[in-house]
Amino acid sequence: MELNKIENILEKYFQGETTIAEEKELREYFSSSDVAQHLEQYKPMFGYFSQVKEQKSTQEIPLQTKKRNVAWLSIAASVVVLLGIGTYMYVSEEKTATVVAQSELGTYDNPEEALAATQKALALLSNNVNVGIESVQYINEYEKSKNKIFKQ
């Protein structure tokens with residue numbers, strides 16, 4: 001009867017369904033000298049478990065955590081901020097210089113040059129206005145044709 005009980009508990013052990021008391025019973029059985037012949041193969045396994053359970057570890061485990069060097073992170077962040085501010089200042093200074101250069105366009109020291117530039121600009125404007133007037137003449141023709149068709 002004892003042998004059947006041990007075999008059943010051993011089967012449950014390999015299925016992972018044993019309780020702590022049953023596992024203790026298996027360890028006691030396999031540590032005794034009267035183990036059945038067909039179960040001899042499991043004796044070293046349970047003997048190892050009880051031997052390892054009694055061992056104490058003498059090795060020290062270092063519990064050092066890695067410290068992040070916050071000083072380097074803050075220095076790096078400061079450098080990035082300063083580079084961003086410097087880039088912004090440089091770009092805005094270039095834009096200001098461009099605006100100043102563009103605002104100086106159209107001023108002449110020599111009156112003859114100013115007259116020639118003005119005449120050139122007015123001629124260009126006149127040509128564009130004449131093109132616009134020709135377009136308005138087409139609209140007038142359209143209005144006359146429409147009034148003839150749809151007598152009001």
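Read on for a plain summary of the structure. Every value quoted in this text rests on a predicted model; they were computed, and no experiment measured them.

What to know about the side chain of Thr18
Here comes step 1: Summarising the element assignment, Thr18 is placed in the loop between α1 (2-15) and α2 (20-31).
Here comes step 2: Only 2.9 Å separates the side chain of Thr18 from the side chain of Glu23, close enough to count as a polar contact.
Here comes step 3: Apart from residues no more than four positions distant in its own chain, Thr18 is found in contact with Ile9, Lys12, Tyr13 and Glu23.

Focus: the environment of Glu25
Here comes step 1: Assignment of secondary structure puts Glu25 in helix α2.
Here comes step 2: Taking C-alpha positions, Glu25 is 8.8 Å from Ile9, a pair spaced 16 residues apart along the chain.
Here comes step 3: Those residues in contact with Glu25, other than ones at most four positions away along the chain, are Lys5, Ile6 and Ile9.

Description of the packing of aromatic side chains
Here comes step 1: For the structure shown, the criterion picks out one aromatic pair.
Here comes step 2: Taking 5.6 Å as the distance between ring centres and 70° as the angle between the ring planes, the aromatic pair formed by Tyr13 and Phe14 counts as edge-to-face.
Here comes step 3: Overall, Phe14 belongs to the partly exposed group, its relative accessible area being 42%.

As for the nonpolar core
Nonpolar side chains tend toward joint burial in soluble globular proteins.
Here comes step 1: One finds Ile6, Ile9, Leu10, Leu26, Tyr29, Phe30, Val35, Ala36, Leu39 and Phe46 forming the largest nonpolar core, which totals ten residues.
Here comes step 2: Excluding residues within four positions of it along the chain, Ile9 makes contact with Thr18, Glu22, Glu25 and Leu26.

With respect to α2
Here comes step 1: Here α2 spans 16 Å end to end across twelve residues, near enough to the 16 Å set by a 1.5 Å rise per residue.
Here comes step 2: Every buried residue of α2 is listed here: Glu22, Leu26, Tyr29 and Phe30. Along the axis of α2, the buried positions cluster into a sector of 90°, meaning they face one direction only. Those residues of α2 that are exposed and aimed more than 90 degrees away from the buried face are Ile20, Ala21 and Ser31.

Digging into the packing of α1 against α2
Here comes step 1: Between α1 and α2, the least distance of the axes is 10 Å, while the angle of their chain directions is 120°. With respect to α2, the element α1 is oriented oblique. Note that α1 runs across α2; the crossing there is left-handed. Across the interface between the two elements, Leu3, Lys5, Ile6, Ile9, Leu10, Lys12 and Tyr13 of α1 pack against Glu22, Glu23, Glu25, Leu26, Tyr29 and Phe30 of α2.
Here comes step 2: Class assignment of the residues belonging to the contact of α1 with α2 gives a composition of eight nonpolar, no polar and five charged.

Thresholds applied
- Residues numbered from 1 in each chain as written.
- Predicted model: local features only at pLDDT ≥ 70, side-chain atom pairs only at ≥ 80, totals over all residues.
- Heavy atoms only, no water.
- Helix = DSSP H or I, 4+ residues; strand = E, 2+ residues; numbered from the N terminus.
- Polar contact = N/O pair within 3.5 Å; in protein donor to acceptor, adjacent residues only side chain to side chain.
- Contact = heavy atoms within 4.5 Å.
- Phe/Tyr/Trp six-rings, centres within 6.5 Å; stacked < 30°, edge-to-face > 60°.
- Buried < 20%, exposed > 50% of the residue type's maximum accessible area, 1.4 Å probe, protein only.
- Core = buried A, V, L, I, M, F, W, Y, C linked by side-chain atoms within 4.5 Å.
- Expected span 1.5 Å × (residues − 1).
- Arc of directions from axis to C-beta.
- Axes fitted to C-alpha atoms, helices over the stretch in contact; angles between N-to-C directions.
- Parallel < 35°, antiparallel > 145°, perpendicular 65-115°, else oblique.
- Left-handed = near helix turned anticlockwise from the far one by under 90°.
- Nonpolar A, V, L, I, M, F, W, Y, C, P; charged D, E, K, R; others polar.

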